[in-house]
Amino acid sequence: MRYTNLIYPLLAATSAASVLAQRPQQPLQQPNLGPAMPPTDSSPSTSAPADSDTVILSDVLGRDRSINIFAGFTRDFAYISQRFEDSALNTTILAPVNSAIMALPRKPWEDPEDYDRLGDQAYEGEKGEERAQRNMRRFVEAHVVPASPWKEGEKVKTLAGGEVWWESRDGAKIIQPGNIEVSSIASKVYNGEVWILKGVRNYA
Ligand SMILES: *[C@@H]1O[C@H](CO)[C@@H](O)[C@H](O)[C@H]1NC(C)=O
């Protein structure tokens, strides 16, 4: 199972950065089930296709190194990756900056309830791995908004199910609930936008 490759190094690593160093730095390339757009003759290399309208989220999510931990997490869930490759489904990706993920008091796949119920063994063995994967999936889903353009004040359910909206404050976008500031919009492409968050959304 592909997840094993990610979760165990992550569990063992002292910081997510060292994990990333072990992972190949390459743009998102899942087994190619057929490109959303035919390659154009005008783009001799894989970088920066000439026509910006044909660039989609899966092309750009891996580009910004400041969010590559979150980008890596999304790759472990095929249906989420497929959504980003789908030019017919618009998405706003709320990608927490690496430093916010690394500063979390508990890892994205850890749930205090699991520890209460199961103790230190909560994430060991096959069942533990499933539990960790479920929690990780919830973390990623809480940062995927199935809408773009996404207007101020518009309440949308994330893929995790919780409602989310944003408001402007002093020229910045603030994600609610949680008062999480958007530091910048990393990409605007054909099927959505990647917003960089200074913090993470509540994930349990
Ligand atoms: C998807 O995004 C594009 C902008 O890239 C927009 O023109 C289009 O209306 C959006 N579609 C939906 C269903 O929101």
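Residues numbered from 1 in each chain as written. Predicted model: local features only at pLDDT ≥ 70, side-chain atom pairs only at ≥ 80, totals over all residues. Heavy atoms only, no water.

Chemist: Give a description of the environment of V182 that names residues and reports values.
Modeler: Within the secondary structure, V182 sits in strand β6 (residues 180-189). The exposure class of V182 is buried, given its relative accessible area of 7%. Taking the C-alpha atoms as reference points, V182 and S168, separated by 14 residues in sequence, lie 10.0 Å from one another. Among all residues touching V182, those that are not within four sequence positions of it are K173, I175, W195, I196 and L197. (Helix = DSSP H or I, 4+ residues; strand = E, 2+ residues; numbered from the N terminus. Buried < 20%, exposed > 50% of the residue type's maximum accessible area, 1.4 Å probe, protein only. Contact = heavy atoms within 4.5 Å.)

Chemist: Could you give an account of the environment of K155, naming the residues involved and the relevant values?
Modeler: With respect to the helices and strands, the residue K155 is situated in the loop between β2 (144-145) and β3 (156-157). Judged by its relative accessible area of 49%, K155 falls in the partly exposed class. For the pair K155 and W165, spaced 10 residues apart in sequence, the C-alpha separation works out to 4.8 Å. Setting aside residues up to four positions removed in sequence, K155 forms contacts with E163, V164 and W165.

Chemist: Describe the site of the ligand, with residues and values.
Modeler: Taken together, N90, S148, V189 and Y190 make up all the residues around the ligand. Between an oxygen atom of the ligand and a main-chain N or O atom of S148, the distance comes to 3.4 Å. In the model, an oxygen atom of the ligand is placed 2.9 Å from a nitrogen or oxygen of the Y190 main chain. Broken down by class, the residue content of the shell around the ligand amounts to 2 nonpolar, 2 polar and no charged. (Near = heavy atom within 4 Å. Polar contact = N/O pair within 3.5 Å; in protein donor to acceptor, adjacent residues only side chain to side chain. Nonpolar A, V, L, I, M, F, W, Y, C, P; charged D, E, K, R; others polar.)

Chemist: Explain the packing of aromatic side chains residue by residue, including any values.
Modeler: This model, assessed by the stated rule, comprises 5 aromatic pairs. The interplanar angle of 90° and the centroid separation of 5.3 Å between the aromatic rings of Y115 and Y123 together place this pair among those described as edge-to-face. Assessed through its relative accessible area of 30%, Y115 is described here as partly exposed. With 5.3 Å between their ring centres and 25° between their planes, W150 and W195 make a pair best called stacked. Note that W150 is positioned in the loop between β2 and β3 and W195 in strand β7 (residues 192-197), a separation of 45 residues in sequence. A relative accessible area of 6% means that W150 is categorised as buried. Classification of W195 as buried rests on a relative accessible area of 2%. Through a chain of ring-to-ring contacts, three or more aromatic side chains come together here, namely F70, F73 and F139. For K155, the ring lying beneath its charged end belongs to W165, and the centroid distance is 4.5 Å. A cation sits over an aromatic face here: K173 above W195, 5.3 Å from the ring centre. (Phe/Tyr/Trp six-rings, centres within 6.5 Å; stacked < 30°, edge-to-face > 60°. Lys NZ or Arg CZ within 6 Å of the ring centre and 35° of its normal.)

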